[in-house]
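Coordinate inspection notes
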Amino acid sequence: MTPSPLSHDEQAIGQGYRENFDRFNEVLHATKYDRFLRFFNFGYAPLEGEEHYGPPLGRNYPNRDSALLLFQVVGEADLTGATVLEVGCGRGGNLGLLMEHYDVGRVFGTDIAFNSMAYCTDRYPAERARFFQADAQFVPVRTGSVDAVLNVESSGCYPDVERFFRDVSRVLRPGGWFLYADLMARTFVDRYREVFTALGLDVVGEKDVTPNVAESRRLRAERQRLAFGDGKAPEGMEEWVGADGSTLNDVLTGGKGAYHVFRCRRSDREADPAQQFTDEERGEMTLSAAEGVELLRLGAPGA
Ligand SMILES: C[S@@+](CC[C@H](N)C(=O)[O-])C[C@H]1O[C@@H](n2cnc3c(N)ncnc32)[C@H](O)[C@@H]1O
């Protein structure tokens, strides 16, 4: 077996997220909502008078805020017939929406959590959707073979996010889409744009959706906390749902974090082989990924 180029600490971070998300699946599995809970993201709520992308959805559409987030990330990208790969796909809700509303071709989902992959394999039609366990920092897909890579609220878990961005640049065909959203340190937004450009990913659309994601949390966090535990949410669930007063909610609403959407297209340019993020930036991102593992540990069932 080839030794992993990731350091021991970086590998431990991956293992930590795998355990956390596998455990979260077990918690959800024990609730009566299990089959409806197909997203692990903070969602998007349009502000007063704001239009949103995508088809109109009824007020009671299941996981409405997560659907609106996906529509915002796709924006004006035409995905008709596209082969789509979602990296860090969780329970596959985003790919389900793409199959339902965007007339995409085949879709592939990968995630580090085994239980999420088992959930997806059971629930989506195998003729259209395939799922496999993989680490985002080693995307096991042929060079230039996909039309779109989707990545929603997952990259903050990767200790070496540049390694992932390089693989995105590698697997996309020229003209292909990189549809990306995450909560990041606000100071990194401009740097991400620069790094994408250096890797041959031209930013063609972007939006800071922090207020919309914060609004989604304000409206939904408490209801989700109760649903995710069938009324007995395990200790630590506040972070998973971004409840008021949680560390993640403070990052989102306190100015330090930006929830940012980038839509990029793969150009014909070769990716610059030189390391793009400085050692200091890499250190900061790895530390933040490690802190996330601790925040997202779930304890015993609560009251
Ligand atoms: C907040 S969830 C988002 C899931 C999904 N994108 C969604 O919108 O519902 C983050 C996901 O990233 C996955 N993840 C964390 N670290 C990963 C890694 N190194 N490689 C692949 N997936 C990873 C987790 O297992 C989890 O499913």
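The preceding data block contains the structure.
The structure displayed is predicted, hence computed values, not measured ones. (Residues numbered from 1 in each chain as written. Predicted model: local features only at pLDDT ≥ 70, side-chain atom pairs only at ≥ 80, totals over all residues. Heavy atoms only, no water.)

Our next topic: the overall build of the protein chain. A tally of regular secondary structure across the protein chain gives 10 helices and 7 strands. For 303 residues, the compact-globule estimate of 2.2 N^0.38 gives 19 Å, and the C-alpha radius of gyration of the protein chain, at 18 Å, lies within 12% of that figure. The buried share among the 303 residues of the protein chain stands at 52%. Look at the contacts in the protein chain between residues 6 or more apart in sequence, and 77% of them connect residues 24 or more apart. Split by element, the accessible area of the protein chain, about 13,800 Å² in all, is 51% carbon and sulfur. Side-chain charges of the protein chain comprise 34 positive and 47 negative groups, with the mean position of each set lying 5 Å from the other. (Helix = DSSP H or I, 4+ residues; strand = E, 2+ residues; numbered from the N terminus. Rg over C-alpha atoms; globule rule 2.2 N^0.38 Å. Buried < 20%, exposed > 50% of the residue type's maximum accessible area, 1.4 Å probe, protein only. Contact = heavy atoms within 4.5 Å. Areas by Shrake-Rupley, 256 points an atom, 1.4 Å probe, with all protein chains shown as cover. Lys, Arg positive; Asp, Glu negative; His and termini not counted. Charge placed at Lys NZ, Arg CZ, Asp CG, Glu CD.)

Within the element layout of this structure, Tyr-259 appears in strand β7 (residues 257–266). Once residues within four sequence positions are removed from consideration, Tyr-259 is found in contact with Leu-69, Val-152, Glu-153, Ala-181, Asp-182, Leu-183, Lys-207, Asp-208, Val-209, Thr-210, Val-213 and Leu-252.

Here we come to the pairing of strand β2 (residues 107–111). Burial of β2 is extensive: 4 of the 5 residues sit out of reach of the surface. Where strand β1 (residues 84–87) meets β2, 4 bridges bridge the pair, whose relative direction is parallel. In the strand pairing of β2, Leu-85 is matched with Phe-108. Following the backbone out of β1, through helix α3 (residues 93–101) and into the adjacent parallel β2, one traces a crossover that is right-handed. Of the pairings in the sheet, the one linking β2 to strand β3 (residues 129–133) comprises 5 bridges and is parallel in character. Along β3, the bridge assignment pairs Phe-108 with Arg-130. For the crossover that starts at β2, traverses helix α4 (residues 114–123) and ends in the parallel β3, the hand is right-handed. (Pairing = 2+ DSSP bridges. Right-handed = clockwise from strand over helix to strand, strands pointing away.)

So, about the sheet that holds β1. If you walk across this open sheet you meet the 7 strands as β3-β2-β1-β4-β5-β7-β6, and the pairing is mixed. The two strands at the open ends of the sheet, each matched to only one other strand, are β3 and β6 (201–208). The sheet shows a mean angle of 15° between the axes of neighbouring strands, taken without regard to direction. With 3 bridges joining them, β1 and strand β4 (residues 146–152) adopt parallel strand pairing. Each bridged residue has a counterpart across the sheet, and for Glu-86 the counterpart in β4 is Leu-150. Together, β4, β5 (172–185), β6 and β7 form the strand contacts of helix α2 (residues 64–74), whose direction differs from that of β7 by roughly 45°. (Axes fitted to C-alpha atoms, helices over the stretch in contact; angles between N-to-C directions.)

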